[in-house]
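Chain by chain, the residues run as shown.
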Amino acid sequence: MPLGFRGEGITYTARFCGVETPFYFNIKETIKTYIVHGDFDFVVSPLMFSGHSPSKDRDPEVHNLDRRLYPYAETDINVAWAQWAKAGIVVAKICPWLDLDSEDENVRTDSEAILKQQIEWASYLSLKACLLPTPKGNSCANYARCVNQILKGPKNNMQLLLRIPIGMSDNDYSPRSNASVDSWQTWNSFRVLCDHHNLLTIALDIKRVLPPENSLKRWYGEPVDAAILDTDIFLTKARGNTTYLPKRHQKLIADLLDHNKPPFRNFSSALSYEGQATDSLKYTEYERAICKALLDRVPNEKASFIVTVLVVVGAGRGSLVFASLKAAEITGRKLKVYAVEKNPQTVIALDEVIKANNWVDIVFIVTSDVRYWNAPERADILVSDLLGSFGDNELSPESLDGAQRFLEKDGISIPSSYTSFLQPLTASKSYQIAKARKYILHSESACVVKLYNVARLAPSQQVFTFTHPKWFDKESNERYKKLQFEIPKDTGSAMVHGFAGYFNMTLYKDVCLATEPSTKKPDLFSWFPMFFPLRMPIRVDRGSILEVHFWRCVDSRKVGFLFLFLHFMLLIWIALCNLKQVWYEWCVTSPSSSPIHNCNGRSCWMDL
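Predicted model only: the values in this text are computed from it and were never measured.

Each value, and the rule that gives it
The residue count restarts for each chain, going from 1 along the sequence in the order it is written. Under the rules for a predicted model, residues below a pLDDT of 70 receive no local features and side-chain atom pairs below 80 are neither given nor counted, while totals for whole chains, interfaces and linings still include all residues. Hydrogens and water molecules were not included; the side-chain quantities draw on all heavy atoms of the structure. Helix and strand assignments come from DSSP, with helices taken as H or I runs of at least 4 residues and strands as E runs of at least 2, each series counted from the N terminus. Each residue's exposure class comes from its accessible area (1.4 Å probe, protein chains only) as a fraction of the maximum for that residue type: buried when under 20%, exposed when over 50%, partly exposed otherwise. It only takes one pair of heavy atoms within 4.5 Å for two residues to be counted as in contact. Using a 1.4 Å probe, the Shrake-Rupley method yields the accessible areas, and only the shown protein chains count as cover for residues. Any pair of nitrogen or oxygen atoms within 3.5 Å is treated as a polar contact; in protein, a donor-acceptor pairing is required on top of that, and neighbouring residues in sequence qualify only through side-chain atoms on both sides. UniProt positions are given in the numbering used here, feature names are shortened, and annotations may be inferred rather than shown by experiment. Think of it this way: DSSP has to see at least two bridges between two strands before they count as a pair. Simply put, an axis is a line fit to the C-alpha atoms, just over the touching stretch for a helix, and the angle between two N-to-C directions goes from 0 to 180 degrees. By salt bridge we mean one thing: a side-chain nitrogen of Lys or Arg within 4 Å of a carboxyl oxygen of Asp or Glu. Stacked, tilted and edge-to-face pairs are distinguished by plane angle, under 30 degrees for stacked and over 60 for edge-to-face with tilted covering the rest, among Phe, Tyr and Trp rings (Trp via its six-membered ring) whose centres lie within 6.5 Å. Criterion for a charge above a ring: Arg CZ or Lys NZ at most 6 Å from the ring centre, at most 35 degrees from the ring normal.

**A word on the overall build of the chain**
A count of helical and extended segments in the chain gives 15 helices and 26 strands. The burial tally for the chain puts 49% of its 608 residues in the buried class. Long-range pairs, those at least 24 residues apart, make up 79% of the contacts in the chain between residues at least 6 apart in sequence. Summing over all exposed atoms, the chain offers an accessible surface of approximately 30700 Å²; the carbon and sulfur share of this is 54%.

**Some words on the side chain of glutamine 423**
Here glutamine 423 lies in strand E16 (residues 417-426). Take glutamine 423: its relative accessible area is 6%, and that puts it in the buried class. Within the local environment of glutamine 423, its side chain forms a polar contact with the backbone oxygen of alanine 458, the two atoms lying 3.0 Å apart. At 2.7 Å, the side chain of glutamine 423 forms a polar contact with the side chain of tyrosine 502. Contact partners of glutamine 423, with chain neighbours within four places excluded, come to Arg456, Ala458, Pro459, Ser460, Phe485, Gly498, Phe499, Ala500, Tyr502 and Pro517.

**Some thoughts on the UniProt feature "transmembrane region" (unreviewed entry) in the chain**
Here, UniProt's "transmembrane region" (unreviewed entry) annotation points to residues 305-325 and 559-576. Across residues 305-325, the secondary structure splits into 33% helix and 33% strand, with the terminal C-alpha atoms separated by 17 Å.

**Looking at the sheet that holds strand E11 (residues 307-313)**
The sheet built from five strands is open, its strands ordered E13-E12-E11-E14-E15 with parallel pairing. Bordering the open sheet on either side are strand E13 (363-366) and strand E15 (407-414), each of which pairs with just one other strand. Shown here is a sheet whose adjacent strand axes are inclined to one another by a mean of 25°, direction ignored. Pairing geometry for E11 and strand E14 (residues 379-384), over four bridges, is parallel. Bridge assignment links valine 311 to a residue of E14, and that residue is leucine 382. Relative to E15, helix H10 (residues 280-297) is tilted by about 155°, and along the sheet it contacts E11, strand E12 (334-340), E14 and E15.

**Observations concerning the environment of serine 399**
With respect to the helices and strands, serine 399 occurs in helix H13 (residues 396-403). By relative accessible area, which is 13% here, serine 399 ends up buried. Between the C-alpha atoms of serine 399 and leucine 608, which are 209 residues apart in sequence, the distance is 8.8 Å. With residues near it in sequence (within four places) discarded, serine 399 still touches Val370, Arg371 and Leu386.

**Structural notes on the pattern of salt bridges**
Using the criterion set out here, one finds 29 salt bridges in the structure. Across the pair lysine 207 and aspartate 205 runs a salt bridge, and its minimum N-O distance is 3.5 Å. Taking relative accessible area as the criterion, lysine 207 reaches 23% and is therefore assigned partly exposed. Residues glutamate 475 and arginine 479 are paired through a salt bridge, measuring 3.8 Å at the closest nitrogen-oxygen approach. Each of Glu20, Lys93, Arg163, Asp205 and Lys207 takes part in salt bridges that share partners, so that together they form one network.

**Some thoughts on the packing of aromatic side chains**
This structure, assessed with the given rule, holds 19 aromatic pairs. Look at phenylalanine 532 and phenylalanine 550: their rings are 5.0 Å apart centre to centre, the planes differ by 85°, and that puts the pair in the edge-to-face class. With phenylalanine 532 in strand E23 (residues 530-540) and phenylalanine 550 in strand E24 (residues 545-566), this residue pair connects regions lying 18 residues apart in the sequence. Neither residue differs from the other here; phenylalanine 532 and phenylalanine 550 are each classed as buried. Pairing phenylalanine 550 with tyrosine 584 gives two aromatic rings, centres 5.7 Å apart and planes at 45°, and the pair type is tilted. Placement of the pair is phenylalanine 550 in strand E24 and tyrosine 584 in strand E25 (residues 570-590), with a sequence separation of 34 residues. Classification of phenylalanine 550 by relative accessible area gives buried; the value is 0%. Among the aromatic residues, ring-to-ring pairing joins Phe390, Phe464, Phe532, Phe550, Tyr584 and Trp586 into one connected group. Lying across the ring of tyrosine 244, lysine 237 places its NZ or CZ 5.9 Å from the centre.

Below is the structure:
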């Protein structure tokens, strides 16, 4: 019974429903019972009889000479390889009684041997995943060491799901019960010992009594690949004898399914243009802002003869041009538009749009960087769409500062201001992706992502604000901000993998657009958040203060170019030129310190 359909071309994990079974020697009959006739998608089944003990095999007094083989489920002779591996319908359940950190040496060595035997057997059968038992006691160092050896083995490509309980059952709902221990602490200790390996994920064993909501949200940013629900959790309706999950459990499962997707990175400029052009909310708000500006600029009695000069900075394929002309039509104002666009490929499409709509007499295309364009006349209104996912990360301040030289003294800039925001995140999968690439370039490069598998640990806070027009030429676009995020006391401990970046923008007067979660409108999709990673995660405890420092740096540099020509002789030419660049740097100073990330823009920067 699939919980979600995975269409063609979709690579993230689909949602399926399986069943946990006891040990059966006849695994083929198990598959037939639960999958063929039971309509489940997979079974989680032990591959070895749980009563087996290697130490008993070594004892000559109890060793059974007629039973030299280990008590495994039937071999692949009777079960097709496709059923074991390709279809992925069997997940191996490792013996739950294993205690690899026991003080009893026999228990510990037996547990190590059985874990290794069962993993080797599952690997031989080419299984895709194994379910590991929950760590026992307060220490899991030896258990994690053994699992880490398996994960980093030369031939391992099998996913290992660590069973982690969340909440308490009716039997252990006691302040002194081990179940009252924060299970996130157990998971975090285990995954840190295993060096955040990407094949180590979580199977959340969800109990009847759930912890507070903020505590549950931590798991949205962790690599949860399975949820285990005991049948005792389900309730029965008085009428109809139908079963259902309690509401909090329903919400938890729905949220886990919604968050369990990989980060999406948007790097395609062509797709970006196409996507933004269909964002009706965005351009409706721009149209409203331009209407208000035109009405303020030109009174009704002069509307028939005053022509407003409007410059679109970054015209793209013409969406802002269209919004400007629509606003002029609605307000009954006359308009002359300069569409400035430096991308020569985009200008071709823009020219086609203008000709197709018969705008050639009122819209004039300028193929230039607006900072270096010599405008033939001064503008009454500047309209731009230069904001990136973090507001100023696509050089909007520098571009609009350069454009305002041809803006009238009482001219209007749309947008008139914008503010960036930061929010601490648990984003385990994003961290694993960056870590797998091993280079510092990937571990401290800000990127545009669609946030799914994340936990937001505290409300976002303002970082930098820019206002336009800016009439003080000496005001720098460099910025510095210190932020202090308080982790809610009912959240529990958590791991910070980085920060989400958003923005709020005032177009004109009361017309605004925002990506910051508390003010974002759901129909706005032109911008995905930024993600600023940490090279090493920072652990925070409940009620603690996370202190973050963030810089926006602007500098001119000497950049050298080396050209080599080899034709009967070697000619070396070194050219030095000045390039102005903008970049961000960030670090954490509490509760522990991190390195300053992206120092001197070594990993990511923007050229002016």
